[in-house]
Amino acid sequence: MDEPVQTPEPATASTAPRGGIAAVFSQHRRAWLIAAGALVFVLLSSGAVFAGTQTGGNEPAAASAVSSSTATPSPTPTVDPARPVPAEATTASRLRTCSVAGLAADTRLADFQAQVVNATTGEVLFDRGGTTSSRTASVMKVLTSAAALNVLGSDYRATTRVVKGAEPGQIVLVGGGDLTLSRLPTGQEPFYTGAAHLDDLATQTMVAWAADPANPPITSLVLDSSYFSGPDWDDGWARTELGLGYMPEITALMVDGDRNEPTRSTSARSEDPIARAGQAFADALGGGLAISQATAPAGAAQLGAVQSAPVSTLIQQSLIVSDNTIAEMLARLVAIENGAGNSFSALQQGIVGGLAAYGIDTTGMIIKDGSGLSPNNAVSPAYLTALFVKVNAREGNLGVLFDGLPVAGGPRGSLSYSDRFAGANSAADGAVFAKTGWIDTGYTLAGVIHSADGTPLTFAIYAIGNVSSNAKIAIDTLTTGFFHCGDNLSNN
């Protein structure tokens, strides 16, 4: 704030200069005019730019009050050159600090691959060879199930029929790919809960046959398994799996997954599942029939039919205990339904085509079977994490798949066994929903983690190569690490 200008005090008679009051006034008048002029000049100079800018003139508006021999020029405004502006604002990446590097370096994981994704944002949090396609072991059943839900639908049922044969007294048992059909009497529950029963089909057949008085007694039974074509055994499977009870020969006509013991999950299988099914049906009809194998006559009259449980049930039965038989059944039915063919060689086109609707890149995917027993299958961890994002969101029918996944520490299934998520890893009990996998050259685990911080994660872990059963412990420990880290999981 400026200081006020002081006015000179008037002189007295005793102090007045020569010339008297007039002279004094004259001197003060000159001094006042000089001071006033100076003040006006200062004020006008300080406001010249403002006044000139506002009026557009070359001189301040108050210039008429005081004459000046030199006009004060108005400065020329300058404009800063344009600065480049980013097209979009960038967001700084979050610094994540929870590392599982030590757990991932466990030598029990052998040739290690893995990927973890935030299922809400789609951000890849952890990646080790995630885009490389490798053997999946039984995690393949996830792909088979997803393809079946898309191509067949959750309500599809496989049908086994009986029709009239080409000769008098002849009937034909036509396999429709239901590998769960049971030879146990109705009322006795086989391993496959809800399965159709041969004795029901036999009853329908005899009633329909007897309804036509022109029919002679039934004397021969033809078995038609042409709905699937051979070979019945994939060349990548160890033949020992048959005797160990993990896999049957794949034919369109069989009973109880061709188990010796219909109520047991793991039970030795036979060398001829078609013959076993045929003999069981002949026995249900009263026995004494001549049995042969051929194709049913076109347009033959139907005498009876039974259906499998729906695909939704079959998927859950396959996933929870990693049942190979149902997985191969579904894979073959998918290939047939979408026109790829009815053999092992049709599964590449059938399964990959069945997955197309999910919009995930299938480049590099190799499908040799539906169960994952073949070491020649190849799917990337990245494909699985992307698919499980959709499974976790229950897109379309995929909620059926989620509901069939084993749960760490759960009441049943392959993650409830005593050697899974034990000890400190039990911290993740109830939070890991995942499909297990095991073949001689690999252990795998893939699914969904509801992590400790509430973040849903999708993950896939492969331990490939020279592995032993303790790879499962290393896999569970790493998975528990993902659970603890949640969205703070670091890729370092």
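These lines cover the structure that appears in this document, whether it is placed above or below.

### Brief notes about the sheet that holds strand E3 (residues 159-164)
To summarise the sheet geometry, strands pair through backbone hydrogen bonds and adopt either a parallel or an antiparallel arrangement. As summarised here, the arrangement of the 5 strands in space is E6-E5-E4-E3-E7, forming an open sheet in which the pairing is mixed. Here the strands that pair on one side only, and so sit at the sheet edges, are strand E6 (290-293) and strand E7 (302-307). Averaged over all pairs of adjacent strands, the angle between their axes in this sheet comes to 20 degrees, without regard to strand direction. Where strand E4 (residues 170-174) lies against strand E5 (residues 220-224), 5 bridges are found, and the strand directions are parallel. Looking at the pairing, Val 174 lines up with Asp 224 of E5.

### Some details on the sheet that holds strand E10 (residues 456-464)
Pairing is antiparallel across the open sheet formed by 5 strands, whose spatial order is E2-E1-E10-E9-E8. The open sheet has two edge strands with one neighbour each: strand E2 (124-128) and strand E8 (432-439). Taken pair by pair, the neighbouring strands of this sheet meet at an average axis angle of 5 degrees, ignoring direction. Bridge analysis of strand E1 (residues 111-118) against E10 gives 8 bridges, and the strand direction is antiparallel. Considered in E10, the bridge of Asp 111 is made with Ile 464. Against the sheet, helix H12 (residues 471-485) touches E1, E2, E8, strand E9 (442-450) and E10, its axis set at about 20 degrees to E9.

### Brief notes about the packing of helix H3 (residues 140-151) against helix H8 (residues 324-337)
Taken N-terminus to C-terminus, the directions of H3 and H8 make an angle of 40 degrees; their axes are 9 Å apart at the nearest point. As the angle between them shows, H3 and H8 are arranged oblique. For the pair H3 and H8, the crossing hand works out as left-handed. Mapping the contact onto sequence places Lys 141, Thr 144, Ala 147, Ala 148 and Val 151 in H3 and Asn 324, Ala 327, Leu 330, Ala 331, Val 334 and Glu 337 in H8. Classifying every residue of the contact of H3 with H8 gives 7 nonpolar, 2 polar and 2 charged.

### Quick look at the nonpolar core
One finds Leu 143, Leu 355, Ile 367, Val 379, Leu 384, Phe 388 and Leu 401 to be the most contacted residues of the largest nonpolar core, which totals 64 residues. Among residues more than four places away in sequence, those in contact with Leu 384 are Val 139, Leu 143, Val 379, Ala 446, Ala 460 and Tyr 462. Counting residues in hydrophobic clusters, the runner-up holds 31 residues, among them Ala 104, Ala 114, Tyr 443 and Phe 482.

### What about the state of the cysteines?
Working definition of a disulfide: a covalent bond connecting the sulfur atoms of two cysteines. Across all of its chains, the model carries 1 disulfide by this definition. Between Cys 98 and Cys 485 runs a disulfide, and the two sulfur atoms are separated by 1.9 Å. The disulfide joining Cys 98 to Cys 485 has a torsion of about -65 degrees about its S-S bond and is therefore left-handed. Of this pair, Cys 98 sits in the loop between helix H1 (20-55) and helix H2 (101-104) while Cys 485 sits in helix H12, and the two are 387 residues apart along the sequence.

### Regarding the pairing of E3
As paired elements, E3 and E7 share 5 bridges and run antiparallel to each other. Residue pairing for E7: Thr 160 is matched across the bridge by Val 306. Sheet topology places E3 next to E4; 4 bridges connect them, and they run antiparallel. The partner of Val 162 across the bridge, within E4, is Leu 173. Joining the antiparallel neighbours E3 and E4 is a turn of 5 residues, in which Gly 169 adopts a positive phi near 75 degrees.

### Topic: the side chain of Thr 444
Here Thr 444 shows up in strand E9. Taking relative accessible area as the criterion, Thr 444 reaches 2% and is therefore assigned buried. Of note is the side chain of Thr 444, whose polar atom sits 2.7 Å from the backbone oxygen of Thr 136. Each residue touching Thr 444, except ones within four places of it in the same chain, is listed here: Arg 135, Thr 136, Ala 137, Val 139, Lys 435, Thr 436, Gly 437, Ile 461, Tyr 462 and Ile 475.

### Examining unusual backbone geometry
Looking along the chain, the bond that leaves Gly 230 and enters Pro 231 is cis, with omega of 5 degrees. Mapped onto the fold, Pro 231 is located in the loop between E5 and helix H5 (240-244). Look at Ala 110: it is not a glycine, yet its phi comes out positive at around 55 degrees. Structurally, Ala 110 can be placed in the loop between H2 and E1. Of note, the phi angle at Asp 258 is positive, near 60 degrees, even though the residue is not glycine. Within the secondary structure, Asp 258 sits in the loop between H5 and helix H6 (273-284).

The rules we used
- Residues numbered from 1 in each chain as written.
- Predicted model: local features only at pLDDT ≥ 70, side-chain atom pairs only at ≥ 80, totals over all residues.
- Heavy atoms only, no water.
- Pairing = 2+ DSSP bridges.
- Helix = DSSP H or I, 4+ residues; strand = E, 2+ residues; numbered from the N terminus.
- Axes fitted to C-alpha atoms, helices over the stretch in contact; angles between N-to-C directions.
- Contact = heavy atoms within 4.5 Å.
- Parallel < 35°, antiparallel > 145°, perpendicular 65-115°, else oblique.
- Left-handed = near helix turned anticlockwise from the far one by under 90°.
- Nonpolar A, V, L, I, M, F, W, Y, C, P; charged D, E, K, R; others polar.
- Core = buried A, V, L, I, M, F, W, Y, C linked by side-chain atoms within 4.5 Å.
- Buried < 20%, exposed > 50% of the residue type's maximum accessible area, 1.4 Å probe, protein only.
- Disulfide = S-S within 2.5 Å.
- Polar contact = N/O pair within 3.5 Å; in protein donor to acceptor, adjacent residues only side chain to side chain.

As far as function goes, none of this settles anything; it's purely spatial.
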